[in-house]
Amino acid sequence: MPKPIKKRITKKATLDTETEVKEKFSSLKDTIRERKKTAVTYGSVFVIVILAVVGFLMYSYNSRQRATELAYEAYKVYYSTAPQGENKTERVSKALALFNKAYDASKTPTSLFYIADCYYELGRYDEALKTLKDFTARYSSDEQVAPLAYQKMAMVYIVKGDMNGALKTLDALYNLKGDIYKDFSLIESAKLLEKEGKTAEAKKKYDDLVKKFPNSPFVEEAKVKLGKGKEG
């Protein structure tokens, strides 16, 4: 009697084991399938990211190329002699339109400065000042173009009759890195201070100019103001 019972138990155990193996195998297949899906998903995301980066780089390159071409055309118009029948206003307006297009294609400090300069040449001082403030907010660390922008801004303030704004801008110009237009800052500040009756402060500016920038084209004018040179 025990033997048949033992055989049935063994057979049942074998069936249970086979079922368990099948279930585990099926579960393993599901796991592999899910991992494949995950791998495909991550792979797709990676490909999309790469394509996006490549597309952006190509777009940026093309934009810079287009901006360079437009800026070159703008320079030619800005510095050219006006054709017969075309006045300065028309020429500068054409250059302004081209510089705006160049800046829209690729934002550069040079194009933005020339936009402001065109506004200045056209007598549109409020727009020039707004553009120059935008420039100083974005590119004040640009050692090549920033001095030009501050110098132009000071000139705009002077034309508008805002002496306080002009003096603050000239001080900012003087405190920039490098020596570009520092002598201009000193001579113009001294002149403005003289007009306001601040003789001692003006004299200090003239003196600094003579001592610090002996080769400046403004030195002789400063010496005359200090009583050390000949009036021409």
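Residues numbered from 1 in each chain as written. Predicted model: local features only at pLDDT ≥ 70, side-chain atom pairs only at ≥ 80, totals over all residues. Heavy atoms only, no water.

Chemist: Go over the packing of helix 8 (residues 199-212) against helix 9 (residues 219-226), please, and point to the residues and values.
Modeler: Viewed as axis vectors pointing N to C, helix 8 and helix 9 meet at an angle of 135 degrees, and their least axial separation amounts to 9 Å. Relative to helix 9, the element helix 8 is oriented oblique. In this structure, helix 8 meets helix 9 at a crossing whose hand is left-handed. Here Lys203, Tyr206, Asp207, Leu209 and Val210 of helix 8 lie close against helix 9, whose contacting residues are Val219, Ala222, Lys223, Lys225 and Leu226. A breakdown of the residues in the contact of helix 8 with helix 9 according to their chemical character gives 6 nonpolar, no polar and 4 charged. (Axes fitted to C-alpha atoms, helices over the stretch in contact; angles between N-to-C directions. Helix = DSSP H or I, 4+ residues; strand = E, 2+ residues; numbered from the N terminus. Parallel < 35°, antiparallel > 145°, perpendicular 65-115°, else oblique. Left-handed = near helix turned anticlockwise from the far one by under 90°. Contact = heavy atoms within 4.5 Å. Nonpolar A, V, L, I, M, F, W, Y, C, P; charged D, E, K, R; others polar.)

Chemist: Report on unusual backbone geometry, specifying residues and quantitative values.
Modeler: Although it is not a glycine, Tyr181 sits at a positive phi angle of roughly 65 degrees. Within the secondary structure layout, Tyr181 lies in the loop between helix 6 (163-174) and helix 7 (182-195). Residue classification places Tyr181 among the partly exposed residues on the basis of a relative accessible area of 27%. (Buried < 20%, exposed > 50% of the residue type's maximum accessible area, 1.4 Å probe, protein only.)

Chemist: Tell me about the pattern of salt bridges, and name the residues and values.
Modeler: Overall, the coordinates contain 15 salt bridges when judged by the stated rule. Lys205 is paired through a salt bridge with Asp171; the nearest N and O atoms lie 3.7 Å apart. Of the two residues, Lys205 is situated in helix 8 and Asp171 in helix 6; the sequence distance between them amounts to 34 residues. By relative accessible area, which is 22% here, Lys205 ends up partly exposed. We classify Asp171 as partly exposed; its relative accessible area is 35%. Across the pair Glu220 and Lys223 runs a salt bridge, and its minimum N-O distance is 4.0 Å. (Salt bridge = Lys/Arg side-chain N within 4 Å of Asp/Glu carboxyl O.)

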